[in-house]
Amino acid sequence: MEIRPTVYLYCDQVTPRVTYTFQFIFEDVLQLSWQILDTLADLPTNGVLINYSSRKQFGGIYIEPNGLLSEHEIKNEALESIREVLNQIKSGQFDVDIFSFIFFSITRYEEYLIKERDNLGRFLYRNSILNDAKLGLHPFVDLTLRWLCQKMHESYPHIQVPCNMQYNFVSTVDVDQPWQYAHKGINNFLGILRDIISIKFREIGSRLNSILKPETDTFNQFDRIATIHKQYGIDKPIYFFLLGFRRNKLDRNHKPSNKKLIKLIQSLSVHHTIGLHPSYRSNKKTKFLQKEKAALEKILQVNAIYSRQHFILLDLPKTYRTLNEIGIKHDFSMGYPDCVGYRAGTGYNFFWYDLKNEQKTDLIIHPFTVMDVTLQKYMGLKPNEAIDFYYELVKTARQTGTPMTIIWHNNSLSDAGDWKGWDKVYSYLLKISK
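Because the structure is predicted, anything quoted here is derived from the model rather than measured. Along each chain, numbering runs from 1 in the same order as the chain's sequence is written. Local features are withheld for residues below a pLDDT of 70 in this predicted model, meaning they are given only at 70 or higher, and side-chain atom pairs are given and counted only at 80 or more; totals for whole chains, interfaces and linings count all residues. Side-chain measures here rest on the full set of heavy atoms in the structure, leaving out hydrogens and waters.

Let us now look at the pattern of salt bridges. Pairs can form between side chains of opposite charge once their charged atoms are near each other. By convention in these notes, a salt bridge is any Lys or Arg side-chain nitrogen within 4 Å of a carboxyl oxygen on Asp or Glu. Counted under the stated rule, the structure contains 15 salt bridges. Across the pair Lys 75 and Glu 71 runs a salt bridge, and its minimum N-O distance is 3.8 Å. Salt-bridge contacts for Lys 75 lead to Glu 73; the nearest nitrogen and oxygen are separated by 3.7 Å. With a 1.4 Å probe rolled over the protein chains alone, any residue whose accessible area is under 20% of its type maximum counts as buried; one over 50% counts as exposed, and the rest are partly exposed. With relative accessibility at 28%, the residue Lys 75 sits in the partly exposed group. In this structure Glu 73 comes out as partly exposed when scored by relative accessible area, which is 46%. Connected via shared salt-bridge partners are Arg 108, Glu 110, Glu 111 and Arg 343.

So this is what it looks like as structure tokens:
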């Protein structure tokens with residue numbers, strides 16, 4: 001009969017940071033029983049001891065604390081101490097304070113200290129200390145957890161310590177505009193006038209064709225997406241719809257009251273999870289976000305609990321605190337717009353920890369690894385190059401046992417404009433990812 005091991009953790013000081021980090025590691029990812037000890041007396045024979053204290057002589061797997069998890073404030077000094085840990089991990093030395101490193105990574109500690117942002121207000125990969133260590137493309141937190149599994153196995157060979165880390169794949173689709181020209185009412189009339197003035201006769205033809213035959217609109221790729229998923233046996237994607245109430249340069253969606261849009265969302269919701277794609281404007285004012293969430297709930301007739309920020313605009317802690325307060329339970333914005341890889345160092349879901357309030361919240365963060373816009377716009381890859389690059393990412397994720405989530409857009413399959421030649425990339429990615 002197999003004896004299920006329990007991981008016993010001994011530490012000098014139990015803080016909310018310590019509890020949060022251990023729960024993520026041993027409960028959420030490794031799926032092991034765990035317990036924090038007050039004393040080392042009478043340790044059960046089927047237990048794995050991890051000694052995270054200043055008392056190295058107590059034995060067990062010893063991890064020396066650097067002090068980050070015993071603190072109750074955000075300090076600039078943490079950047080340098082974690083940078084040192086990163087350099088050691090980069091060289092293959094994992095016997096450092098991996099717990100502080102993991103906490104630093106999944107709380108996005110550095111984003112509270114590093115103030116540089118792009119013109120849209122986003123924290124970019126190039127500003128991360130992970131960029132310095134060249135680790136951004138790798139699930140470095142998951143690599144650390146893989147090492148910890150191996151260390152427990154080596155230190156306690158008589159105890160079967162399972163490593164429950166496992167690769168899986170999730171596809172998500174952002175719908176900024178379900179149709180390029182169809183169902184836009186007076187905006188199409190104004191568009192035709194602009195095209196005539198600009199002598200864009202090809203645009204006029206495409207616009208008129210979409211108006212007369214909406215099913216041929218180049219952004220209308222929903223049936224095709226369903227076909228591709230069925231072909232490769234991949235679970236149906238999660239859709240995120242942009243429902244801003246005022247069109248502008250960055251939020252160019254159909255109105256939430258558009259009857260054709262409502263019908264589309266309702267039809268997709270029968271077999272898909274539908275989430276909110278909060279407008280760029282909603283990040284500035286909570287009332288806009290609340291109004292958009294209410295619009296989606298009116299369409300679906302259920303609570304809207306899934307979201308992903310438009311343009312991957314995260315302003316910590318404001319964005320996540322607002323989402324948590326209005327009832328969003330799952331957010332899929334944790335990734336970089338300018339680089340593929342692992343913004344929080346992991347492909348596993350985790351609860352958001354509010355650093356300024358020093359508390360774990362109920363908001364679950366779903367990291368993503370790859371976005372189509374990143375491959376095409378920021379990295380400048382051609383379709384075949386993107387497929388080859390993506391193949392290496394999947395290979396790493398499989399070897400590490402890391403979940404992988406991608407972001408695609410319906411218009412990326414249009415084979416038009418900037419996405420000319422990209423229409424088959426999504427198919428290849430799903431085929432590779434299976």
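Another point: the packing of aromatic side chains. Centres within 6.5 Å are what make two rings of Phe, Tyr or Trp a pair, Trp counting through its six-membered ring; a difference in plane orientation under 30 degrees is then read as stacked, over 60 as edge-to-face, and the rest as tilted. Under the defined criterion, the tally for this structure stands at 21 aromatic pairs. When the centroid spacing of 6.4 Å and the interplanar angle of 40° are considered together, the rings of Tyr 239 and Phe 241 count as tilted. Both residues of the pair, Tyr 239 and Phe 241, belong to the buried class. One aromatic cluster is present, built from ring pairs that chain together Phe 22, Phe 26, Trp 34, Tyr 52 and Phe 99. Sitting over the ring of Phe 351, Lys 360 keeps its end group 4.3 Å from the ring centre. Lysine and arginine charges are scored as sitting over a ring when NZ or CZ, respectively, is within 6 Å of the ring centre and within 35 degrees of the ring normal.

A run of H or I in DSSP counts as a helix once it spans at least four residues, and a run of E counts as a strand once it spans at least two, with each numbered from the N terminus. One can find Arg 122 in the loop between helix H3 (98-106) and helix H4 (129-133). A relative accessible area of 5% places Arg 122 in the buried class. At 2.7 Å, the side chain of Arg 122 and the side chain of Tyr 378 are in polar contact. What makes two residues a contact is simply this: any of their non-hydrogen atoms within 4.5 Å. Residues within four places of Arg 122 in sequence aside, it is in contact with Glu 116, Arg 117, Phe 311, Ile 312, Leu 313, Pro 337 and Tyr 378. In protein, a polar contact requires one atom able to donate a hydrogen and another able to accept it; more generally it is a pair of N or O atoms within 3.5 Å, and residues adjacent in sequence count only if both atoms are side-chain atoms.

Attention now goes to the pairing of strand S10 (residues 350-354). Summarising burial for S10: four of the five residues are buried, a large majority. For two strands to be treated as a pair, DSSP must find at least two bridges joining them. Both S10 and strand S11 (residues 359-365) contribute to a ladder of four bridges, which runs antiparallel. Bridge pairing in S11 places Phe 351 opposite Ile 364. As consecutive antiparallel partners, S10 and S11 are separated by four residues, and within that stretch Glu 358 has a phi angle of approximately 50°, a positive value.

The angle between the axes and the distance between the axes are what describe a pair of packed helices. Fitted lines through C-alpha atoms serve as axes, helices being fitted only where they are in contact, and the angles separating the N-to-C directions of these axes extend from 0 to 180 degrees. It is at 11 Å that the axes of helix H10 (residues 286-300) and helix H11 (residues 318-326) come closest, and there the two elements cross at 45°. By the criterion of interaxial angle, the relationship of H10 to H11 is oblique. Crossing geometry of H10 relative to H11 is assigned as right-handed. Contacts between H10 and H11 involve Thr 286, Leu 289, Gln 290 and Lys 293 from the former and Thr 322, Leu 323 and Ile 326 from the latter. Broken down by class, the residue content of the contact of H10 with H11 amounts to three nonpolar, three polar and one charged. Here roughly perpendicular refers to angles of 65 to 115 degrees, roughly parallel to angles under 35, roughly antiparallel to angles over 145, and oblique to all remaining angles. Crossing handedness follows the turn of the near helix against the far one: under a right angle anticlockwise gives a left-handed crossing, and clockwise gives a right-handed one. Under the scheme applied here, ten amino acids are nonpolar (Ala, Val, Leu, Ile, Met, Phe, Trp, Tyr, Cys and Pro), four are charged (Asp, Glu, Lys and Arg), and all others, including Gly, are polar.

Burial in helix H14 (residues 425-433) covers these residues: Val 425, Tyr 426, Ser 427, Leu 429, Leu 430 and Ser 433. Those residues of H14 hidden inside the fold are in contact with strand S5 (169-175), helix H8 (222-232), helix H13 (383-400) and strand S13 (404-409).

Among the structural elements, Asn 258 can be located in the loop between strand S6 (238-241) and helix H9 (259-269). In this structure the side chain of Asn 258 is engaged in a polar contact, spanning 2.9 Å, whose partner is the backbone oxygen of His 183.

Moving on to the packing of H9 against H10. Following both chains from N to C, one finds H9 and H10 inclined at 65°, their axes separated by 9 Å at the closest point. Taken as axis vectors, H9 and H10 run roughly perpendicular relative to one another. Both H9 and H10 take part in a crossing whose hand is right-handed. Residue-level inspection shows Ile 262, Ile 265, Gln 266 and Ser 269 of H9 in contact with H10, the latter providing Leu 296, Ile 299 and Leu 300. In the contact of H9 with H10, the residues fall into five nonpolar, two polar and no charged.

Most of strand S1 (residues 6-11) is tucked away: six of the six residues are buried. Taking every second residue as pointing to the same face, both faces of S1 are buried, with Thr 6, Tyr 8 and Tyr 10 on one and Val 7, Leu 9 and Cys 11 on the other. Looking at chain direction, S1 and strand S2 (residues 33-37) are connected through five bridges and run parallel. In the strand pairing of S2, Leu 9 is matched with Ile 36. Judged from the six bridges that link them, S1 and strand S3 (residues 47-52) form a sheet pairing that is parallel. Bridged to Tyr 10 within S3 is Asn 51.

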